[in-house]
Amino acid sequence: MNDLSSPITASHAITLGEKGLDITLPDGKAHYFNYYWLRDNCPSSFSPVTRERSFDIFHLETAPRAASAVVEGEALVIAWDGEDHVTRMPLCWLETYANGGTRKDPADLSRTPWFGDHYPSVPRFSQPELVASNETRAKWIEAMLVHGFTIVTDMPDSDEGLTQTAELMGFVRPTFFGTYFDVKTHINPTNTAYTAGALELHTDTPAEEFAPGIQFLHCRANTVQGGESLYADGVAVANDFRKRDPEGFKLLSEIAIPFFCEHDTYDARSRQYVIELDQYGEVSGLTISQHMADIFDLDQKLLDDYYPAFCRFGRMLQEDKYMMRFLMKGGECMVFDNHRIVHGRAAYTATSGDRYLRGCYVDRSEMRSTYRALVSEGRFKA
């Protein structure tokens with residue numbers, strides 16, 4: 001039988017147990033660490049080449065257990081029972097995870113709500129500068145994480161220009177509309193956007209189980225009468241709705257409703273929460289679309305409360321306080337968080353000129369991944 005005692009330093013008392021050890025860390029507090037976790041996260045368990053875990057804990061024949069543990073310098077050194085293996089873990093690293101803390105995420109930035117007067121302050125970035133400078137690209141994505149809406153100027157007047165811009169953030173994500181979509185008047189439209197009529201504020205493709213996160217709308221031409229673009233920050237509206245109507249907020253954030261999108265070659269359906277919350281309970285965005293809302297299949301008594309709350313929130317989205325209105329210009333690309341920013345447009349006269357937008361999507365996870373790679377050292381970079 002192994003001795004469960006362990007050498008003790010002046011400042012780092014260590015006690016070995018059956019399933020883990022207790023150690024006093026530099027914060028002056030005693031913390032417990034499970035042996036499986038310590039063995040699995042040994043620095044040598046990861047390949048510096050692939051940046052993946054190369055050690056497979058499934059292959060251990062018996063549960064890991066420390067034969068001895070001491071502090072040497074600024075590291076905990078563990079010799080494992082039944083293995084010819086020693087683990088060295090920096091004490092400062094152990095402190096990071098001592099209380100179940102998560103690894104710091106540089107993309108976890110606080111959102112700044114904005115209102116109807118935001119247009120002059122919208123972060124703007126020149127497309128050629130984004131292509132030329134990773135630093136500028138990082139600032140662009142940071143603005144997306146914080147504000148959810150940016151305008152890219154000086155866009156090339158080509159399909160390739162949109163692809164190049166989107167790929168600065170991530171991979172172009174197809175939907176049931178295809179890899180790209182063209183917003184202009186269609187003779188046989190399959191979507192309200194493909195008409196000259198007014199388009200109410202909405203988020204795109206809510207009928208997809210995981211709707212795409214970032215939308216790119218490249219304005220190639222806009223010379224028609226009317227067609228004013230409408231945008232609102234769902235975070236700003238939902239935050240105020242939470243204060244104004246707490247019971248309504250609870251309904252819209254805790255009860256999912258059905259959405260659909262159906263045509264000859266597809267029939268997409270999903271259930272979504274109108275108000276989306278993040279891991280901290282804060283509003284992260286919305287999923288809402290009147291023209292893609294399916295038949296609400298909730299209990300009819302529940303609908304007595306849900307429908308009025310849904311309508312109160314829908315009307316609130318359209319209040320002037322929140323609504324940003326402007327005319328898009330040729331050569332601009334609107335880039336916005338499709339899970340945060342609701343968008344629409346006023347009606348326009350199709351015969352009065354030319355209005356052509358080309359769009360595509362990138363997932364939010366791709367955007368955050370690109371941002372982390374641009375601004376942080378990660379776990380393995382020298």
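As a reminder, the structure under discussion sits directly above these lines.
Only a predicted model underlies this, so the values are computations on that prediction, with no experimental measurement involved. Residue positions are counted from 1 within each chain, in the order its sequence is given. Selection of residues for local features in this predicted model requires a pLDDT of at least 70, selection of side-chain atom pairs for listing and counting requires 80 or more, and totals for whole chains, interfaces and linings are taken over all residues. Side-chain calculation: all heavy atoms of the structure are included, whereas hydrogens and water are not.

The helix and strand tally for the protein stands at nine helices and 22 strands. Taken over C-alpha atoms, the radius of gyration comes to 27 Å for the protein, far larger than the 21 Å a tight globule of 382 residues would show. Based on the C-alpha atoms only, the size of the protein along its principal axes is roughly 85 × 55 × 40 Å. For the protein, buried positions account for 49% of its 382 residues. Here a residue-residue contact requires only that any non-hydrogen atoms of the pair lie within 4.5 Å. At a minimum sequence separation of 6, the contacts of the protein that also span at least 24 residues come to 74%. With the model as given, the accessible surface of the protein reaches about 19,100 Å², and the carbon-plus-sulfur share is 50%. Each charge sign in the protein was given a centre, from 37 positive and 55 negative side chains, and these centres are 3 Å apart. Numbering of helices and strands starts at the N terminus; helices are DSSP runs of H or I of at least 4 residues and strands are runs of E of at least 2. We take the radius of gyration over the C-alpha atoms and set the globule estimate at 2.2 Å times the residue count to the 0.38 power. For every residue, the accessible area obtained with a 1.4 Å probe (protein chains only) is divided by the maximum for its type, and the residue is called buried under 20%, exposed over 50%, and partly exposed between those limits. Surface exposure here means Shrake-Rupley accessible area, sampled with a 1.4 Å probe, where a residue is shielded only by the protein chains that are shown. Note on charges: Lys and Arg go in the positive column, Asp and Glu in the negative column, and His and the chain ends are not counted at all. Where a charge lies is defined by one atom per residue type: Lys uses NZ, Arg uses CZ, Asp uses CG and Glu uses CD.

Turning our attention to the environment of F241. By the secondary structure assignment, F241 is in helix α6 (residues 234-244). The exposure class assigned to F241 is buried, which follows from its relative accessible area of 1%. Contacts of F241, omitting those with residues within four sequence positions, involve P246, G248, F249, L252, I275, A309, R312, F313 and M316.

Criterion used throughout: strands pair if DSSP finds at least two bridges between them. Taking strand neighbours across the sheet as the criterion, the three strands line up as β1-β2-β3 in an open arrangement whose pairing is antiparallel. Edge positions in the sheet fall to β1 (14-16) and β3 (30-34), since each of these pairs with one other strand and no more. Here the average twist between neighbouring strands, direction ignored, is 15 degrees. Two elements, strand β2 (residues 20-24) and β3, share five bridges in a ladder whose sense is antiparallel. What sits directly across from D22, in β3, is Y32. Note on geometry: axes are C-alpha line fits, over the in-contact stretch for helices, and angles between N-to-C directions span 0 to 180 degrees.

Let us now look at unusual backbone geometry. Excluding glycine, residues mostly carry a negative phi; peptide bonds, for their part, are mostly trans. Its identity as a non-glycine residue notwithstanding, D154 has a phi of 60 degrees, on the positive side. Mapped onto the secondary structure, D154 falls in the loop between β8 (149-153) and α5 (159-166). Looking at D154, the relative accessible area reads 49%, which means it is partly exposed.

The values are spatial; any link to function lies outside them.
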